[in-house]
Amino acid sequence: MRISTRATRSRESARDPLPKDVEMKVAILHVGDAHIVGANEEVLTRAKRIVDAARLVESAPDLCIVALTGDLAFSGRPAQFALARTLVDEMLRHLRDAWGGEGAEIRVVAIPGNHDCDFSAPSLVRDELIAAIAKDPRVAEDPAAIGVCTPPLNAFFAFRDG
């Protein structure tokens, strides 16, 4: 895939390294919906095959974006994300072997899906807050609401940030 962009600015900035004309080849490797439950998932053996398939489409990109678009885990448990981490790390190793030597920059973007939430620990406070938000969405504007609502994503955040 070729992407050609023209950068326009209202003012020039010495801190902005983007030249006015940029042409680069970008590969986007989209991985999602693995729904990893345990160590014997077949997807965990496919890192090299996934990268080999991407190389069939693009042999020498300038930039590779690995988009992890949710539901890597089946139920958001830390052990499931540990397995997902091994898969992603192996894919990144194969990508670096394939494209890194050719100067490709490799970046990872991770977005959670509903299966990436661990709802095994019930929370009456969270349930009540969600009900209150459903009645009055302005309740969600309170920054404390985030801290109450997001703990089911803690294993995902540890995976993403790890």
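Whatever comes next refers back to the structure up there.
Conventions used here
- Residues numbered from 1 in each chain as written.
- Predicted model: local features only at pLDDT ≥ 70, side-chain atom pairs only at ≥ 80, totals over all residues.
- Heavy atoms only, no water.
- Phe/Tyr/Trp six-rings, centres within 6.5 Å; stacked < 30°, edge-to-face > 60°.
- Helix = DSSP H or I, 4+ residues; strand = E, 2+ residues; numbered from the N terminus.
- Buried < 20%, exposed > 50% of the residue type's maximum accessible area, 1.4 Å probe, protein only.
- 1 Å grid on protein atoms, 1.4 Å probe; cavity = no way out; pocket = protein on both sides within 12 Å on 5 of 7 lines; lining within 4 Å.
- Points joined across faces, edges and corners; volume = space filled by probe spheres on them.
- Nonpolar A, V, L, I, M, F, W, Y, C, P; charged D, E, K, R; others polar.
- Axes fitted to C-alpha atoms, helices over the stretch in contact; angles between N-to-C directions.
- Parallel < 35°, antiparallel > 145°, perpendicular 65-115°, else oblique.
- Left-handed = near helix turned anticlockwise from the far one by under 90°.
- Contact = heavy atoms within 4.5 Å.
- Expected span 1.5 Å × (residues − 1).

A. Molecular detail of the packing of aromatic side chains. Counting across every chain of the model gives four aromatic pairs. A centroid spacing of 6.1 Å and a plane angle of 70° characterise the contact between Phe 81 and Phe 156, whose relative ring orientation is edge-to-face. Of the two residues, Phe 81 sits in helix H2 (residues 78-99) while Phe 156 sits in helix H5 (residues 154-161), which places them 75 residues apart along the sequence. Using a relative accessible area of 3% as the deciding quantity, one classes Phe 81 as buried. Relative to Phe 159, the ring of Phe 156 lies with its centre 6.4 Å away and its plane at 45°, an arrangement referred to as tilted. Taken together, the residues Phe 156 and Phe 159, both in helix H5 and three residues apart, mark about one turn of the helix. Each residue in the set Phe 81, Phe 156, Phe 157 and Phe 159 is aromatic and connected to the rest through ring pairs, giving one cluster.

B. Region of the structure containing the layout of surface pockets. Approximately 160 Å³ is the volume found for the largest pocket. In terms of lining, the largest pocket is formed by Asp 118, Phe 119, Ala 121, Pro 122, Ser 123, Arg 126, Asp 127, Val 148, Pro 151 and Pro 152. Classifying every residue of the lining of the largest pocket gives six nonpolar, one polar and three charged.

C. Up close: the packing of helix H1 (residues 47-57) against H2. Where H1 contacts H2, the two axes come as close as 8 Å, and the packing angle between them is 40°. Looking at the two axes, H1 sits oblique to H2. For the element pair H1 and H2, the recorded crossing hand is right-handed. On the side of H1, the interface is formed by Ala 47, Lys 48, Ile 50, Val 51, Ala 54 and Arg 55, while H2 contributes Leu 87, Glu 90, Met 91, His 94, Leu 95, Ala 98 and Trp 99. In terms of residue class, the contact of H1 with H2 is built from nine nonpolar, one polar and three charged.

D. The arrangement of the packing of H2 against H5 in detail. At a minimum axis separation of 9 Å, H2 and H5 run at an interaxial angle of 25°. Comparing their axes, H5 and H2 come out roughly parallel. Along this stretch, H2 crosses H5, giving a crossing that reads as right-handed. Across from Pro 78, Phe 81, Ala 84, Arg 85 and Val 88 in H2, the residues of H5 making contact are Ala 155, Phe 156, Phe 159 and Arg 160. Looking at the contact of H2 with H5 residue by residue, the class counts come to seven nonpolar, no polar and two charged.

E. Main features of unusual backbone geometry. One non-glycine residue, Asp 33, adopts positive backbone phi at about 55°. Locating Asp 33 in the fold gives a position in the loop between strand S2 (21-31) and H1. The backbone phi angle of Asp 71 is positive, close to 60°, even though this residue is not glycine.

F. Inspection of H2 at higher detail. Across its 22 residues, H2 extends 30 Å between first and last C-alpha, which sits within 8% of the 32 Å expected from 1.5 Å per residue. All of the buried residues in H2 are Gln 80, Phe 81, Leu 83, Ala 84, Leu 87, Val 88, Met 91, Leu 92, His 94, Leu 95, Ala 98 and Trp 99. Against the buried residues of H2 lie S2, H1, strand S3 (63-68), strand S4 (105-110) and H5.

Without other data, these values stay purely geometric and don't point to any function.
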